[in-house]
Structure formats: structure tokens, C-alpha cells
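These are the residues of each chain, in order.
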Amino acid sequence: MITLSIASSCSDPSTLGLDLDPNNNQIGVFYTEIPLSASMVLQDSMNTTNTNSMVVGGLTDDFFGKSEGIGFSRLAISPTATRPAQNAVLDSVKFNFRIESVIGNDLGTAKSLSVHLLTEGIMDTTYYNFDRLDFDPNPIAQGSFDFSARQDTAVSVAMESGFSEFIFEELKKGDAFKDVFSFRNLIPGVAFQGNPEENASTGIRIGNTTGIVVYFKNEGDTVSRGYSISTAQSRHFNYVHSDRTGTPTAVITEANQAYDVGNRVGVKSSVGLMMKLDTSPIDAFLDTLTNVTFNDIVLEIGPLTEEVTTNRPPAGMFMYFTDETNKKLRNSSGQFYTIQDERSLQVVRNAEGNLVPAVSSNNHGVLGFISTSNMYRTGITSYMNAVYRQGLQRNDLLVSPSFPSDVNFEDAFKKSFRGFTVDQNNIKLKIYYSKIRAF
């Protein structure tokens with residue numbers, strides 16, 4: 001039935017507006033569309049340690065349910081920086097946030113951020129998205145900010161008066177500021193929260209521009225000095241809570257299992273939900289062909305179900321090879337197998353002379369989001385030629401917004417709650433191909 005469906009969808013050149021004379025031209029150009037189905041896979045627990053940013057706040061919708069993120073970080077000091085003298089005067093204490101991004105369906109109302117003192121320390125261990133620490137529910141800094149005009153910016157809020165006086169007095173005493181270990185006995189770290197009820201998530205950058213600044217004047221100063229207690233080079237991680245109760249994705253309970261969630265499927269960052277594309281219809285199509293050349297093959301996903309300018313989906317996604325394990329496949333060096341871009345080799349020979357999938361950290365094929373059409377699109381002509389002509393094994397694909405390098409990688413899947421949903425009828429391959437006509 002699949003073969004008949006594909007065959008019936010093929011078009012001859014005249015239906016495509018191509019000016020080819022069937023009596024004089026030996027090349028026939030044909031077009032077909034192959035619909036692809038998708039299931040959903042929950043990625044196994046994700047390492048969120050030291051990703052250089054934290055995702056706080058939350059989003060709620062009828063497909064993915066409720067998602068909330070809380071960030072945890074140590075703080076860093078400079079033992080040699082000028083501290084306030086015993087007769088110094090306190091000006092103010094502020095907490096600065098370096099905002100990488102803010103997403104939500106309504107940024108017209110202010111969004112809240114708060115900072116809390118940890119009641120336990122961050123250990124020198126690996127933390128995952130299910131890990132969290134205890135912290136004081138009363139914030140040492142809190143504020144609401146208007147992100148409607150710009151979602152990458154720096155904002156600041158005054159610290160609570162009790163904490164401001166406390167930290168200023170400790171700075172004057174100096175015992176806790178001799179080195180970072182003494183300081184961690186005073187302040188183990190901080191937790192960052194948003195308000196999930198406001199339906200927005202904020203990405204906060206870890207570094208010199210996120211942290212506490214104590215402004216003071218020593219005797220004789222005409223302008224204030226600043227003592228920085230920042231998150232620079234500080235161990236940090238992100239906790240993520242996902243409640244999918246009552247949604248189509250509630251059936252997804254186990255990692256690395258493919259779930260049929262109905263006609264609507266999607267991807268959700270930080271939560272770890274990916275789409276798995278079933279590429280088996282490609283085999284049925286290739287079995288109908290002899291002596292053809294693929295002119296252009298495009299994978300399209302979309303139009304997407306949602307279209308909100310302040311809640312864009314991930315800008316790009318990679319297409320990872322997978323199999324019945326529903327995991328991203330790697331080579332012996334730990335590199336991920338993905339569809340390579342159109343300019344690159346799809347297969348190479350290994351040391352034993354066998355053909356294997358090509359892997360390059362700079363040549364991954366990217367499903368790019370096109371805002372004007374509200375869809376993802378990429379060319380996979382060279383990949384299909386490798387499957388058809390070079391014997392590259394056809395694999396199902398895990399679609400995920402990740403950016404891997406050779407072995408270690410910075411993963412956009414952990415840096416926001418960006419996601420999307422799409423009707424399965426809008427996932428397809430568009431194929432133009434030519435074949436030699438026999439006389």
C-alpha cells in the first residue's frame with residue numbers, strides 16, 4: 001500500500017511546469033512527496049552541570065503540561081579586591097542579572113525573578129535535571145521586569161535590606177572573604193526562581209555580570225566603590241520539573257521509549273522530549289526506482305501549530321541517527337552520527353576500509369526554522385544519494401535542538417523551554433529526481 005501511495009503521488013514533468021519534450025528529451029524529471037510519521041521519545045536524565053546558563057520560571061500548555069526550572073549556583077569573590085573599611089558608609093547592594101533570553105506567549109506583563117540563599121552546599125559532583133537543593137523560601141532579592149521590548153538584556157534589583165546590612169558587615173569584618181572556601185561557609189550558594197504562573201521562562205547567563213555588587217564609600221572617597229560577588233567560574237546546575245498530567249504527552253513515562261501520542265507531536269527543550277521520525281517509507285520508495293539521480297530532496301516539518309513572535313521554537317535542530325534503542329547513536333570515539341550537510345560527505349572509509357557514516361563537528365545538517373513560513377526545512381539530497389548509491393544504512397532520526405562537537409558538547413536542549421508542536425500530516429519529504437529513458 002505504501003508503494004502504491006508513493007507511486008500515485010509521483011508527477012511527470014508537465015504537471016511541474018517543466019518544459020521537456022517527451023519525444024526529444026531523454027531525461028525525465030519527476031516529483032513525489034513522502035509523508036513521514038513521528039513518535040515521541042523522552043531523553044534519559046540530562047547532565048545540567050556548568051552549562052553557562054540557567055533556565056528559571058515556567059511554561060504551561062495543553063500538550064506538554066507544566067514545566068518549571070530553578071537554577072542553582074555557587075558565588076565567587078576576589079580576595080584581593082578592596083573591601084570597605086571599618087568606618088565605610090554603605091550606599092546600596094544590588095543583584096544584577098544578565099538575561100540571555102525570555103520566552104512566553106505574553107511578554108506584555110512584567111515577569112518576576114527572585115534570588116534565595118541555599119541552606120546546603122553545591123558539591124563537586126555531576127548534577128542532572130532531576131536534582132535540586134534546599135533553599136530559604138524568603139528571597140534576598142526579587143523584582144519584576146518588562147521584557148516586551150528586548151529579551152537579551154541586563155537588569156538589576158536592590159537586595160533586601162536585611163541581607164544588605166548583613167553582607168556589608170561581613171565585608172568589613174573580612175574573615176569570610178579571605179578565600180573562596182571561607183566564603184562558601186558564609187554563603188553556600190544561591191537559587192534562582194521565576195514565577196511559573198506568569199507563563200514565561202528566563203535564561204540567565206552565569207558569569208561576571210550576574211551576581212551581587214556592594215556599593216560603599218571609604219573615608220575620603222568622592223564616588224562609590226563596588227565589591228563584586230559574582231557567579232563567574234562558579235559551579236551551577238538546573239533543576240527541571242515537568243508535570244504532563246492530563247495532556248497527550250502524559251503517556252510518556254520512561255526514557256528511551258518511543259510513544260505514539262496521536263496526530264500532534266512535538267519537541268520540548270530542557271524537559272528532554274524529542275521527535276523520532278520513522279523513515280521506513282524511504283525504503284519502499286527506493287525499491288520502486290532504477291537508474292535515477294536525485295536532483296533535490298527537502299525535509300519539511302510544518303507549518304507548526306503555534307506562531308508567537310515572543311515564543312519562537314529552537315532556531316535549528318540536528319537529525320541524529322537512531323534505532324530500536326531510541327538513543328542517539330555514536331561511533332567508537334563517542335561522536336554522534338547525524339545527517340551531514342549538503343556540501344559534505346555522508347560516508348567515509350574507516351581504518352579497516354569499511355564504509356561508515358561520516359562524522360564532523362562542523363558539518364552537521366541543520367533543520368533551520370523559517371519564521372516567514374513557520375516551518376523547519378533542510379536539504380538532504382546528498383544523504384539520500386548515499387543511502388541509494390553508496391549503501392549507507394537508512395536510520396530513523398531523532399530530531400533535537402542540540403549543538404554537539406566531537407565528544408563534549410554545549411546542548412541548546414538544556415538552555416530554555418523552547419519547543420513546538422506540529423500536525424503529523426505536515427512532516428514530509430519533497431523529492432525531485434531524474435531517470436534515463438530507455439528507447
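The structure we're discussing is the one just above.
The sections below set out a description of the structure shown in this document.

Definitions and limits used
- Residues numbered from 1 in each chain as written.
- Predicted model: local features only at pLDDT ≥ 70, side-chain atom pairs only at ≥ 80, totals over all residues.
- Heavy atoms only, no water.
- Buried < 20%, exposed > 50% of the residue type's maximum accessible area, 1.4 Å probe, protein only.
- Helix = DSSP H or I, 4+ residues; strand = E, 2+ residues; numbered from the N terminus.
- Pairing = 2+ DSSP bridges.
- Expected span 1.5 Å × (residues − 1).
- Contact = heavy atoms within 4.5 Å.
- Phe/Tyr/Trp six-rings, centres within 6.5 Å; stacked < 30°, edge-to-face > 60°.
- Lys NZ or Arg CZ within 6 Å of the ring centre and 35° of its normal.

## A few points about the pairing of strand β21 (residues 366–370)
What you see with β21 is a clean split: Leu367 and Phe369 sit on the buried side and Val366, Gly368 and Ile370 on the side with no burial. Looking at chain direction, β21 and strand β22 (residues 375–379) are connected through three bridges and run antiparallel. Its bridge partner lying in β22, Phe369 is registered against Tyr376.

## Things to note about the pairing of strand β26 (residues 419–423)
Taken across its five residues, β26 has four buried, putting it largely inside the fold. When strand β15 (residues 264–268) meets β26, the two strands line up antiparallel, connected through five bridges. Note on β26: the bridge partner recorded for Gly266 is Thr421.

## Overview of helix α2 (residues 161–173)
For α2, which comprises 13 residues, the first-to-last C-alpha distance of 19 Å matches the rise-based estimate of 18 Å (1.5 Å per residue) to within 8%. Within α2, the full set of buried residues consists of Phe163, Ser164, Ile167, Phe168, Glu170, Leu171 and Lys172. Tucked inside the fold, the buried residues of α2 contact β5 (89–104), β6 (111–117), α3 (180–186), β11 (211–217) and β12 (225–230). Within two residues after α2, Gly174 carries a phi angle of roughly 85°, on the positive side.

## Remarks on unusual backbone geometry
Omega for the peptide link from Gly302 to Pro303 comes to 10°, which places this bond in the cis form. Relative to the helices and strands, Pro303 resides in the loop between β17 (292–301) and β18 (316–322). With a phi angle near 50°, Gln233 is a residue other than glycine that sits in the positive phi range. Here Gln233 shows up in the loop between β12 and β13 (236–243). For Gln233, a relative accessible area of 86% puts it in the exposed group.

## Side note on the packing of aromatic side chains
A full pass over the atoms with the stated rule returns 22 aromatic pairs. Measuring from ring centre to ring centre gives 5.5 Å for Tyr320 and Phe336, while their planes differ by 85°; the resulting arrangement is edge-to-face. In this pair, Tyr320 is assigned in strand β18 and Phe336 in the loop between β18 and β19 (347–349), connecting sequence segments 16 residues apart. According to the relative accessible area criterion, Tyr320 is buried, its value standing at 0%. Relative accessible area serves as the criterion here: at 5%, Phe336 is assigned to the buried category. In this structure an aromatic cluster arises from ring pairing among Phe95, Phe97, Phe145, Phe147 and Phe192. Across from the ring centre of Phe30, 4.7 Å away, lies the NZ or CZ of Lys435, which sits over that ring.

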